[in-house]
Amino acid sequence: MVEEFLGLPMRPSKPRERGLTHVIDKGMTLAEVDGMFEASGEYVDMVKLGWGTSYVTQNLSAKVKLYHSYETPVMCGGTLLEAAVARGRVDEFRRWTRGHGFTHVEVSDGTLQMERESKQELISSLADEFVVLSEVGSKDQDSIFAPYQWVAWIKEELEAGAWKVITEARETGTAGIFRGTGEVRSGLIDEIVHEIPADSLLFEAPQKEQQAWFIRHLGPECNLGNIPHDEVIPLETLRLGLRSDTLPDLLLRDIPTAT
Amino acid sequence: MVEEFLGLPMRPSKPRERGLTHVIDKGMTLAEVDGMFEASGEYVDMVKLGWGTSYVTQNLSAKVKLYHSYETPVMCGGTLLEAAVARGRVDEFRRWTRGHGFTHVEVSDGTLQMERESKQELISSLADEFVVLSEVGSKDQDSIFAPYQWVAWIKEELEAGAWKVITEARETGTAGIFRGTGEVRSGLIDEIVHEIPADSLLFEAPQKEQQAWFIRHLGPECNLGNIPHDEVIPLETLRLGLRSDTLPDLLLRDIPTAT
Amino acid sequence: MVEEFLGLPMRPSKPRERGLTHVIDKGMTLAEVDGMFEASGEYVDMVKLGWGTSYVTQNLSAKVKLYHSYETPVMCGGTLLEAAVARGRVDEFRRWTRGHGFTHVEVSDGTLQMERESKQELISSLADEFVVLSEVGSKDQDSIFAPYQWVAWIKEELEAGAWKVITEARETGTAGIFRGTGEVRSGLIDEIVHEIPADSLLFEAPQKEQQAWFIRHLGPECNLGNIPHDEVIPLETLRLGLRSDTLPDLLLRDIPTAT
């Protein structure tokens, strides 16, 4: 039981609508999953089994069950579905995903080009059965799209049935909404959030500086993704202003006049 | 039982006065803590729950008890106390810290400016009840202080009652005693250790190259902090000259003439 | 049980002759070892206890037994033997290695210079009792050797009795076959594999971009080493074309005409 001795504003509790932390699991052991939930389960809203890792994870069934035992949705990375598309195995993907009990699916075109119409149909068709998170942006550092293009695509995918749209960054945080150096394309983000409600977006932000940037600009309740499992607790401190990077912005804004 | 087949000079055993390894825990699971002590507990002198992470750790009480079961002091990062100062909750911090059984406290001003006199009073007051480690240096990469300033502050804090003074580096090793690139500000360190006994200092040095630099310059028995848990064994090999970075300096200096 | 719903080409199963993944353990806990095998043991061909870490690992005997229980060879990093050579304790090294049940040994001269003839004798002598992996290349970033030199040394060491020859990269991937930036010395690799069968080589490649480079250039069945334990599953996805970095090269090359 955390004693709230600092009198900080409360964060909404799980399941919540905003301020989501979306963890990337690229091969965690079951003991690490258990440990993450014991220490910080209240801050883990969703988990993604990164790119095609689920396909080679030997104890995948046990892992999916374990996440579900913590009442936490788990999904496969979009690259796995892209691979299925490339190999003409979307129906097999669908059966396999259902068979493992996944309730959420990610639809992306970060590696392989897909016709816009095909992607929207895929989202729409999968949304009949799964909660769909779609992803916009390329994993290729040299593919730079104009902000208006991002906005149009995000809107189309929300209309097609995506629950949230993820903005691409890769596991490393060096593509999509970030430059190769990891720096935020801030003009792009400004334009996106000007047009789309932030609650409908999930920003991949694996690096601490990126997470701090979003929290300073959009507030503690922004949705952040591709969070490594050992950065869940650090991210929560950023959201609360308990780390140097956000403390001056957050912690000092709401001091009761009398303590 | 390690067979000393290389005939290396022995390191002092725990609890020791110098050659301290101070580990940073930014959200370790209990299983990771157990594993660290099984594999390398002899090299873990103290643990810091980084910045404000303790405040959001769900199983904090169990964690503190676990560290104490290994007879290893654990303390909160200085940022938590800075937050308490900012919110006028120092008394609450004190009660909370005592309530959790912490015996050590870190006092820093790396994020928020504090009057020198206030910091000394805080150290002095907390030293009545806790072992105090104070910290000098800013987490802001652009705050560069002159060496004489560091020396004066360290001396004041030792006089105020600090057991050791920590020199700031952040978790990343890119501020305080290091440049933004992680390179050691070697002139600064030279001046500090010229004026202050190295045993009274704890140098934050999260990166391997930084640890190797200190060991080559100050010897294997320097006190090093902000060591990630999976770098405890690697650091011990640096101290003994069993890694390339320090082998030529350490391992060859003490070869028995007859083996 | 992995359902092969994507119809990918099968990888050979353990124990295999090529496509080896050689993991570096720099102080893993026993729980982490267990977790790695549960999730991905099929992809772990060999383990190296990096540089001199074995010497300071408190539960070394239990760790060696644990790896053997998974029928996976484990060896000490070459730096430990270099240290024994430097201190005139090769016989003691041999007894200690045998006593712990190690069946494999690494022979390197990455830190200390050794006469070519001495290294070959050492390989030859140890090969009577152990499976020897020898290593070519310096850990010093400034030691750049010509490709013909690498080729000559590798050939000599295979002739002296090495089972495989490892090409040096360090734990960081910033020396030997890589530039200080981590970039592959591609001309060097081209020349080496032109002269030596790739099956006789084990390329240290700790970074993802390096692994992807080798897989794109030499195919999925190249032998890769110094793989961190949490990169075993990611590497397997690179080998299968289930990650963006190799998907266009691998996954599209072998699509059945009818699915």
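These figures come from a predicted structure and were not determined experimentally. (Residues numbered from 1 in each chain as written. Chains lettered and ligands numbered in written order. Predicted model: local features only at pLDDT ≥ 70, side-chain atom pairs only at ≥ 80, totals over all residues. Heavy atoms only, no water.)

**Q** Can you walk me through unusual backbone geometry in this structure?
**A** Omega for the peptide link from Lys14 of chain A to Pro15 of chain A comes to -10°, which places this bond in the cis form. Relative to the helices and strands, Pro15 of chain A is located in the segment before β1 (21–25). Non-glycine residue Arg170 of chain A carries a positive phi angle of around 70°. Following the sequence through the fold, Arg170 of chain A ends up in the loop between β6 (164–167) and α8 (186–195). Despite not being glycine, Glu71 of chain C has its phi angle at roughly 55°, a positive value. Positionally, Glu71 of chain C belongs in the loop between α3 (60–69) and β3 (74–76). The exposure class assigned to Glu71 of chain C is exposed, which follows from its relative accessible area of 72%. (Helix = DSSP H or I, 4+ residues; strand = E, 2+ residues; numbered from the N terminus. Buried < 20%, exposed > 50% of the residue type's maximum accessible area, 1.4 Å probe, protein only.)

**Q** Explain the relation of the copies chain B and chain A to me, please; I cannot follow it from the model alone.
**A** Both copies of the chain are placed relative to one another by a rotation about an axis and a shift along it. For the match of chain B to chain A, the screw axis carries a shift of 0.0 Å, the RMSD comes to 0.0 Å, and the turn is 120°. In symmetry terms, the pair is related by a three-fold rotation axis. Taking the C-alpha atom as reference, chain B places Ala31 of chain B closest to the rotation axis, 4.4 Å from it. (Least-squares fit on C-alpha atoms with pLDDT ≥ 70 in both.)

**Q** Looking at this model, I keep getting lost on the interface of chain C and chain A. Mind explaining?
**A** Buried accessible area, meaning the area lost when the parts come together, often serves as the stated size of an interface. If you look at the interface, chain C gives 37 residues, while chain A gives 28 residues. Buried surface at the junction of chain C and chain A, both sides included, amounts to about 3,100 Å², of which 58% is carbon and sulfur. Our enumeration of links across chain C and chain A arrives at 3 salt bridges. Across the pair Glu171 of chain A and Arg243 of chain C runs a salt bridge whose closest N-O atoms are separated by 2.6 Å. At the junction of chain C with chain A, the criterion picks out 19 residue pairs in polar contact (both at pLDDT 80 or more). Broken down by secondary-structure element, the contributors of at least two residues to the side of chain C that touches chain A are α1 (30–40), α10 (232–240) and α11 (247–250) of chain C. Ranked by residue count, the leading element in the side of chain C that touches chain A is α1 of chain C, at 6 residues. (Contact = heavy atoms within 4.5 Å. Buried area = accessible area lost by both parts, 1.4 Å probe. Salt bridge = Lys/Arg side-chain N within 4 Å of Asp/Glu carboxyl O. Polar contact = N/O pair within 3.5 Å; in protein donor to acceptor, adjacent residues only side chain to side chain.)

**Q** Any chance you could explain the pattern of salt bridges here in plain terms?
**A** It is possible for side chains of opposite charge to pair when their charged atoms get near one another. All names here are of chain B. Within the structure shown, the criterion is met by 69 salt bridges over all chains. The salt bridge partner of Glu106 is Lys48, with a shortest N-O separation of 3.3 Å. Taken together, the residues Glu106 in strand β4 (residues 104–107) and Lys48 in strand β2 (residues 46–49) connect sequence positions 58 residues apart. Of the two residues, Glu106 and Lys48, both sit in the buried class. In this structure, Lys139 and Glu168 form a salt bridge, with 3.6 Å as the shortest nitrogen-oxygen distance. Here Lys139, found in the loop between β5 (131–136) and α7 (147–160), pairs with Glu168, found in the loop between β6 (164–167) and α8 (186–195); they are 29 residues apart in sequence, far enough to count as distant.

**Q** Would you take a moment to explain the packing of aromatic side chains for this structure?
**A** Note on aromatic pairs: each is described by the distance of the centres and the angle between the planes. Evaluation of the coordinates by the stated rule reveals 30 aromatic pairs over all chains. Between Phe5 of chain A and Trp96 of chain B, the ring centres sit 4.9 Å apart and the planes meet at 35°, which makes this aromatic pair tilted. Placement of Phe5 of chain A in the segment before β1 and of Trp96 of chain B in helix α5 (residues 90–99) is noted, with the two residues assigned to different chains. Overall, the relative accessible area of 4% leaves Trp96 of chain B in the buried class. Taking 4.6 Å as the distance between ring centres and 25° as the angle between the ring planes, the aromatic pair formed by Phe203 of chain A and Phe214 of chain A counts as stacked. Linking Phe203 of chain A in strand β7 (residues 201–204) with Phe214 of chain A in helix α9 (residues 208–218), this pair joins segments that are 11 residues apart in sequence. (Phe/Tyr/Trp six-rings, centres within 6.5 Å; stacked < 30°, edge-to-face > 60°.)

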